[in-house]
Amino acid sequence: NTKRKKLYEGKAKILYEGPEPGTLIQYFKDDATAFNAQKKATLEGKGVINNRISEFIMSRLNTIGVTNHFIKRLNLREQLIREVEIIPLEVVCRNVVAGSLAQRLGQEEGTPLPRSIIEFYYKKDELNDPMVTEEHITAFNWASTQELDDILAMTVRVNDYLCGMFGAVGITLVDFKIEFGRVWENDFSRVILADEISPDSCRLWDSTTGEKLDKDRFRRDMGDVIESYTEVARRLGIMKDMP
Ligand code: U5P
């Protein structure tokens, strides 16, 4: 392995300088954190599985016209991606009540929502990623109104596609978090999907048993985290070459 410049290290991923200008290498670590890194662990093999699941989902989304940063997988833990100017928002889309929605509004976990809810959180660890509205986002120039429209439209498309994709293999997509970035072409910028989509960033429940197949198993000390992530990959028909 040749030496290369580390540009950013997050809780579960590292970004390195890429081979060409405008590209980066995204490395998936085995580290898991929850509750803004108050809870930490290393889950052996998680990085490998999430690299594969995210590759699978991002490639599918690219083919249906949801432009994203994924270019190609390089090896077990790394993928080549397009460099973006990250938009400091976590966009959460919910189909069923769970997690912070259940907590904050006292609603029962598992209740299907009559229509999907999209929420925005400002990415700021020191502030615990507070929820914000579109007005905060445009007031502080985190994204323009046009960019917000594009983000909303893309989020709805991602949700529709992933609900169908997971539904077909007996998994309910309860909710998920995605992130977006800006790319510049000449003097124009465009918003594309970035980061990752994996059981770290989605709630996935077995459609018949309700069994959780996602990061809540880690957050709630339920055990079998890797086994559940592997089950998601198996149902999607990926990693057939892995033990
Ligand atoms: N989520 C993340 N990262 C965060 C917060 C939430 O990926 O920092 C995901 C959760 O995995 C869940 C969804 O799928 O966003 C909603 O989380 P919550 O607001 O219910 O905790």
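Remember, it's a predicted structure, so these values are computed and weren't measured experimentally.

### Focus: the pattern of salt bridges
Inspection of every chain in the model, using the stated rule, returns 31 salt bridges. Taking the shortest distance from any N to any O, the salt bridge between Asp 175 and Arg 94 comes out at 3.5 Å. Here the residue Asp 175 occupies a position in strand β12 (residues 171-185), and Arg 94 occupies one in strand β9 (residues 89-96), the gap between them amounting to 81 residues. Arg 94 carries the same exposure label as Asp 175, and that label is buried. For Lys 177, the salt bridge is made with Asp 195, and the minimal N-O distance between the two is 3.2 Å. Of this pair, Lys 177 sits in strand β12 while Asp 195 is found in the loop between β13 (188-194) and β14 (202-206), placing the two residues 18 residues apart along the sequence. Of the two residues examined, Lys 177 and Asp 195, each falls in the buried class. Salt bridges here are not isolated pairs; linked through shared partners, they connect Arg 94, Glu 109, Glu 119, Asp 175, Arg 203, Lys 212, Asp 216, Arg 219 and Arg 220.

### Notes on the sheet that holds strand β7 (residues 78-82)
Within the open sheet, the 5 strands sit side by side as β1-β2-β3-β7-β6. Their pairing is antiparallel. The open sheet has two edge strands with one neighbour each: β1 (6-9) and β6 (70-73). Strand-to-strand, the axes of this sheet are offset by a mean angle of 25 degrees, without reference to chain direction. Both strand β3 (residues 23-28) and β7 contribute to a ladder of 5 bridges, which runs antiparallel.

### Some details on the site of the ligand
Around the ligand sit 14 residues in total, of which Arg 94, Ser 100, Asp 175, Arg 203 and Arg 219 are the nearest. A distance of 3.2 Å separates an oxygen atom of the ligand from a polar atom in the side chain of Glu 90. In the environment of the ligand, an oxygen atom lies 2.9 Å from a nitrogen or oxygen atom belonging to the side chain of Arg 219. Elements with a minimum of two residues in the shell around the ligand: β9, α2 (99-105), β12 and β14. A breakdown of the residues in the shell around the ligand according to their chemical character gives 4 nonpolar, 3 polar and 7 charged.

Thresholds applied
Residues numbered from 1 in each chain as written. Predicted model: local features only at pLDDT ≥ 70, side-chain atom pairs only at ≥ 80, totals over all residues. Heavy atoms only, no water. Salt bridge = Lys/Arg side-chain N within 4 Å of Asp/Glu carboxyl O. Helix = DSSP H or I, 4+ residues; strand = E, 2+ residues; numbered from the N terminus. Buried < 20%, exposed > 50% of the residue type's maximum accessible area, 1.4 Å probe, protein only. Pairing = 2+ DSSP bridges. Axes fitted to C-alpha atoms, helices over the stretch in contact; angles between N-to-C directions. Near = heavy atom within 4 Å. Polar contact = N/O pair within 3.5 Å; in protein donor to acceptor, adjacent residues only side chain to side chain. Nonpolar A, V, L, I, M, F, W, Y, C, P; charged D, E, K, R; others polar.

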